[in-house]
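# A closer look at the structure
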There are 2 protein chains.
Amino acid sequence: MAKIAICGYGVVGSGVAEVIAENAESIARNAAEEVEIKYILDRRDFPGDAFEKHIVHDFSIIADDPEVSIVVETMGGVGAAYEFTRQSLLAGKSVVTSNKELVAKKGHELIAIAKEKNVNYLFEASVGGGIPIIRPITQCLSANKLDSVYGILNGTTNYILTEMIENGASFDDALHQAQANGFAEADPTADIEGLDAARKICILADLCFGKHVEPADIKAQGISGVSSADVEYAKRLGCKIKLLGRALRTGHDTATAYVAPHLVSTSSLLSNVDGVMNGIVVHGNALGNAMFYGAGAGKRPTASAVVADIIDAAKHRNARKYLDWDDAPAGYFTDSSYVPSRWYVRAQTSLQQIGWAFGKVNFISYPGAAEDEYAFATDVYDENALLKLTGGMNVRSMFRILD
Amino acid sequence: MAKIAICGYGVVGSGVAEVIAENAESIARNAAEEVEIKYILDRRDFPGDAFEKHIVHDFSIIADDPEVSIVVETMGGVGAAYEFTRQSLLAGKSVVTSNKELVAKKGHELIAIAKEKNVNYLFEASVGGGIPIIRPITQCLSANKLDSVYGILNGTTNYILTEMIENGASFDDALHQAQANGFAEADPTADIEGLDAARKICILADLCFGKHVEPADIKAQGISGVSSADVEYAKRLGCKIKLLGRALRTGHDTATAYVAPHLVSTSSLLSNVDGVMNGIVVHGNALGNAMFYGAGAGKRPTASAVVADIIDAAKHRNARKYLDWDDAPAGYFTDSSYVPSRWYVRAQTSLQQIGWAFGKVNFISYPGAAEDEYAFATDVYDENALLKLTGGMNVRSMFRILD
């Protein structure tokens, strides 16, 4: 019998309880023992809830109970969640989490404590919700040197972009619709401005390259600057605009990571990942490309990943999972503006100025396009070179084209 | 130091040696010890090969060497491969394989021996080549009750169908082209007639439902009956024809599995899995749908999966991986002809006869279609009902529509 405590009885925490109750039999078979929820920590009471009698308000009850071997942290944030995780690990309990902010910022430190105490800190749900991605990278692709990882990591922004692309919605309308459908929060900043995707690409980069990437150090550009005009021009290039988190090796001992909107060819599988779904592409030197697709958020999909980690923690009570990365040596993570690519540029300028700056470019237009601007696709430049070339132009949009 | 022996130095076996040599450093880090190839068993000699001095011709050298803890079986077939696997497991060595035929037919028996000897029998490469799928199903989705699994499991047939769909090739031309490009064997029967896909869907069904499915018991229909006319009609329905392996629960204690061409909507991600690539969709009651995509065959992708298993076997020298299924109780696996679906039918018959049999149907045509036939999409029927309804017609093609 594995006794667990859930900290945070919100959407994900209650989903975890629900899945454990519903699939008890198969979970017990897979964990080779029963999994029982002993405590649920929350500030609130839940009168009438199926787990009402398990609710506690004081974390020390959990920390001090030696029967509890696994703590599930579904609180979010880096305050109490960090403190409770630390205390649980120090008390010799494994911790399972869906908290991407905490893993991205403090994962390295928390894994070190887990290692010292011979317990596990597992976070399959922190990236891609229910999509299996952490284990595939760390176990299934362990024979590969991983060169790059990129993908659609945020369902809210992908929903908004899909509405703009498929139904011609404006950014504002699509955002309101996402909020009305429960796909965006009242304050959607973390999603819209790419901060959520940034945390996730940092975790993926940590695992792929084995070096810690500090979320505050990477550039995150969101989708608030994507207009309906950009969507239309992109279509004429055979592309969809997708917000991608991307991490890649840039040399033998260097790598970079960033979040930005990209033009992605409609002939690629990734461009067909629409709505709230997520898709993550990993490239290994033996495997080539693999893609992982599924629900990147939501109560039950996220709970699916959390409970898989609970099962794994139960099975590895006396063995550590190899899930680890090092501090990055100085200079390891480089500025993403040096990554070369083709670019889509939309600017208020003259044909002459574009010719002077770029020579021949691939101009794009569509019926109804604004008359005071040009849009075009460039050759391959890094961002610094591009900024110099577009220096004299009133640039309205400038996005990478994913090749 | 983990010392291994590779049995069978063909495409996959030599790929395994190549990846181990090339990624030695990262493999050692992931396995927490060096992996060294001590023997390579093959009938042939390989003068000038980098591993020439490791070649042996007598399996007993491997079986009798207690230093060898992991045996890699990349021979194929169920003759010597079965015997060597058995002997290796009985000698207390873990076995890693890419041999889908052996896993599908004898996996259950071999896992039982591995269990008894407290070693592992691992086969990530047996389905989907390099695509992580065995571990995701058994570990990452372990919190779910898995309801169904289906996908494009054979690259040769997907290449042929893609050539027919995208470039208007006939079946024969596409097959010859696949052979010329090394994507199809001189005797392509196992691929074309769906036998390869059948072995793979049996393994997936074993793992998803936890019950052994005998490959000989499931219906496998290949693509030799798919004509250019079918491809054209399917396009008019907004579909591509794809050869799918499919396994699903059909009741509380029953399930089924089969292989057949399906019409798949072009709006689905799976329909965009083209050429030699594979894509596998798994549906769990908590997760919903997830899809796994990548190279389903080929030297290095397959080696990627084999070497990941070698690393896992090295890490679990004194612990067993939970990878297992039971004998199916009598009646558990039911006849796939009872699975209901919409159908695409192409038949030489009269409008009157179609009307009598089906009432209103959705007729399809395209410019240049044969004048002596009708094609239409039906409502939902199981195969037995459909066969009765089409009894008086000269049916040329009849494929399920995947909804």
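Residues numbered from 1 in each chain as written. Chains lettered and ligands numbered in written order. Predicted model: local features only at pLDDT ≥ 70, side-chain atom pairs only at ≥ 80, totals over all residues.

## Observations regarding the overall build of chain A
Each helix and strand counted, chain A has 14 helices and 16 strands in total. Taking 2.2 N^0.38 as the reference for a compact globule, 403 residues should give roughly 22 Å; the C-alpha atoms of chain A span a radius of gyration of 23 Å, in line with that estimate. Seen through its C-alpha atoms, chain A measures out along the principal axes to roughly 75 × 45 × 35 Å. (Helix = DSSP H or I, 4+ residues; strand = E, 2+ residues; numbered from the N terminus. Rg over C-alpha atoms; globule rule 2.2 N^0.38 Å.)

## Considering the pairing of strand β13 (residues 341-348) of chain B
All names here are of chain B. Note: β13 against strand β15 (residues 374-381), six bridges, orientation antiparallel. Its bridge partner being in β15, A347 is matched across the sheet by Y374. The pairing of β13 with strand β16 (residues 394-402) spans seven bridges and is classified as antiparallel. Across the sheet, R342 pairs through a bridge with I401, a residue of β16. (Pairing = 2+ DSSP bridges.)

## What about the relation of the copies chain A and chain B?
Rotating chain A by 180 degrees about the axis while translating it 0.0 Å along that axis superimposes it on chain B, leaving an RMSD of 0.0 Å. Taken together, these values place the two copies in the relation of a two-fold axis. Among all residues of chain A, the one whose C-alpha sits closest to the rotation axis is F292(A), at a distance of 2.5 Å. (Least-squares fit on C-alpha atoms with pLDDT ≥ 70 in both.)

## A few points about the domain arrangement of chain A
Residues and elements named next belong to chain A. Taken as a whole, chain A is organised into domain 1 (2-130 + 299-315), domain 2 (134-295) and domain 3 (340-402). A separation of 27 Å is found between the C-alpha centroids of domain 1 and domain 2. Counting residues at the interface gives 15 residues for domain 1 and 16 residues for domain 2. Take the side of domain 1 that touches domain 2: its biggest share by element is seven residues, from helix α5 (residues 100-117). Class assignment for the residues of the side of domain 1 that touches domain 2 results in five nonpolar, six polar and four charged. (Domains from an automatic or database assignment. Contact = placed C-beta atoms within 7 Å. Nonpolar A, V, L, I, M, F, W, Y, C, P; charged D, E, K, R; others polar.)

## Quick look at the packing of helix α5 (residues 100-116) of chain B against helix α10 (residues 195-209) of chain B
All names here are of chain B. Axis separation between α5 and α10 bottoms out at 9 Å; the angle between their running directions is 45 degrees. The orientation of α5 with respect to α10, classified from their angle, is oblique. Between α5 and α10 lies a crossing whose hand is left-handed. For the pair formed by α5 and α10, the contact residues are K100, E101, V103, A104 and G107 on the first element and R199, K200, C202, I203 and D206 on the second. Among the residues making up the contact of α5 with α10, the classes are represented as four nonpolar, one polar and five charged. (Axes fitted to C-alpha atoms, helices over the stretch in contact; angles between N-to-C directions. Parallel < 35°, antiparallel > 145°, perpendicular 65-115°, else oblique. Left-handed = near helix turned anticlockwise from the far one by under 90°.)

## Examining the pairing of strand β12 (residues 288-295) of chain A
With six of eight residues buried, β12(A) lies mostly within the body of the structure. Bridge count between β12(A) and strand β12 (residues 288-295) of chain B: five bridges; the pairing is antiparallel. Looking across to β12(B), one finds that M291(A) is bridged to Y293(B). (Buried ≥ 20, exposed ≤ 12 C-beta atoms within 10 Å, placed from the backbone.)

## A look at the interface of chain A and chain B
With 43 residues of chain A at the contact, the number on the chain B side is 43 residues. For the side of chain A that touches chain B, the secondary structure elements donating two or more residues are α2 (24-31), α6 (134-140), β12 and α12 (299-315) of chain A. When residues of the side of chain A that touches chain B are assigned to their parent elements, the largest contribution, nine residues, is made by α12(A). For the side of chain A that touches chain B, the per-class residue count stands at 24 nonpolar, 13 polar and six charged.

## A look at helix α4 (residues 80-90) of chain A
Residue and element names in this part refer to chain A. Residues of α4 that are buried include every one of A81, F84, T85, S88 and L89, and no others. With its buried residues spanning 130 degrees around the axis, α4 presents them on a single face. Positive backbone phi, at 80 degrees, marks G92, one or two positions downstream of α4. (Arc of directions from axis to C-beta.)

## Focus on helix α10 (residues 195-209) of chain A
Residues and elements named next belong to chain A. With 15 residues, α10 extends 21 Å from end C-alpha to end C-alpha; this agrees with the ideal 21 Å at 1.5 Å per step. Burial analysis of α10 places 14 of its 15 residues in the buried class, the great majority of the element. Where α10 terminates, the next one or two residues include G210, which has phi positive at roughly 75 degrees. (Expected span 1.5 Å × (residues − 1).)

## A look at the sheet that holds strand β1 (residues 2-7) of chain A
Residue and element names in this part refer to chain A. Spatial strand order, β3-β2-β1-β4-β5-β6: six strands in an open sheet with parallel pairing. The open sheet has two free edges, formed respectively by β3 (55-56) and β6 (121-122), since each of these has just one partner strand. Pairing analysis gives five bridges linking β1 to strand β4 (residues 68-73), with the strands arranged parallel. Bridge pairing links I4 to I70 in β4. Set on the sheet, helix α1 (residues 11-22) makes contact with β1, β2 (35-41) and β4; between it and β2 the angle comes to about 155 degrees.

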